[in-house]
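# Residue-level structural notes
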Amino acid sequence: MPKFNSREYEWADVSVVAAGRMITGIRGVSYTSSQEKEALYGKGNKPHSIQRGNKTFSGAIRLLQSELEALELAAGGDALNISFNIVVAYGNPLKGDVITTDLLVGCEITEIPKGLNQNDKFMEIELPLVMLDVKRGYK
């Protein structure tokens, strides 16, 4: 009889590779796919169909300052000038998980905010991203 596993992915089970490098100082990752949609009206007061427009892809990665410095070094000084792919893998095969992988294609950072507050122990930087595509379940 097959064994059912209802365990959810947790942060410890997420691996992120950006610009060909495993990011160990990552504190968060998020990404969104969206598409313009509009109801098409004709005779009557109910829509006849839903029309689709452009798709957009955006997201953000939260990194420790040392990871940003490494990314900027690899970029030749300014991480705003590079385009790179990000691979996000969910799951841990040692725990019996099926690995799910998403590929974020052609990512570019739109701004690099920095700041620290009194008594902060480290700098965490959230980098907003635009991208060309999100390939879910990438093999």
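Right above here is the structure, for reference.
A brief look at the structure comes next.

Calculation rules
Residues numbered from 1 in each chain as written. Predicted model: local features only at pLDDT ≥ 70, side-chain atom pairs only at ≥ 80, totals over all residues. Heavy atoms only, no water. Core = buried A, V, L, I, M, F, W, Y, C linked by side-chain atoms within 4.5 Å. Buried < 20%, exposed > 50% of the residue type's maximum accessible area, 1.4 Å probe, protein only. Helix = DSSP H or I, 4+ residues; strand = E, 2+ residues; numbered from the N terminus. Lys, Arg positive; Asp, Glu negative; His and termini not counted. Salt bridge = Lys/Arg side-chain N within 4 Å of Asp/Glu carboxyl O. Polar contact = N/O pair within 3.5 Å; in protein donor to acceptor, adjacent residues only side chain to side chain. Contact = heavy atoms within 4.5 Å. Phe/Tyr/Trp six-rings, centres within 6.5 Å; stacked < 30°, edge-to-face > 60°. Pairing = 2+ DSSP bridges.

### Overview of the nonpolar core
Grouped together as the largest cluster of nonpolar side chains are 27 residues, with contacts concentrated most on I61, F84, I86, V88, L104 and M131. At the level of secondary structure, the elements contributing two or more residues to this core comprise β1 (14–18), β3 (26–41), β4 (47–64), α1 (65–74), β5 (84–90), β6 (100–109) and β7 (124–131).

### A look at the side chain of D102
You can see D102 is positioned in strand β6. It is R136 that comes nearest to the buried, bridge-free D102 among opposite-charge side chains, at 4.0 Å. Separated by 3.1 Å, the side chain of D102 and the backbone nitrogen of G137 make a polar contact. Contacts of D102, omitting those with residues within four sequence positions, involve Y31, I86, V87, V88, Y90, K135, R136, G137 and Y138.

### Some remarks on the pattern of salt bridges
Per the stated rule, a full pass over the model turns up 4 salt bridges. As a salt-bridge pair, E124 and R62 come within 3.4 Å of each other at their nearest N and O atoms. Within this pair, whereas E124 is found in strand β7, its partner R62 is found in strand β4, the two being separated by 62 residues in sequence. Residue E124 is classed as partly exposed on the basis of its relative accessible area of 34%. Using a relative accessible area of 31% as the deciding quantity, one classes R62 as partly exposed. Taking the shortest distance from any N to any O, the salt bridge between E69 and K114 comes out at 2.9 Å.

### Some thoughts on the packing of aromatic side chains
Considering all chains together, one arrives at 1 aromatic pair under this definition. Seen from their ring centres, Y9 and Y90 are 6.0 Å apart, and the 35 degrees between their planes marks the pair as tilted. One end of the pair, Y9, is in the segment before β1; the other, Y90, is in strand β5, with 81 residues separating them in the sequence. Overall, Y90 belongs to the partly exposed group, its relative accessible area being 21%.

### Here's the deal with the pairing of β3
Here 14 bridges tie β3 to β4, and the two strands are oriented antiparallel to one another. Directly across from I26, in β4, lies its bridge partner L63.

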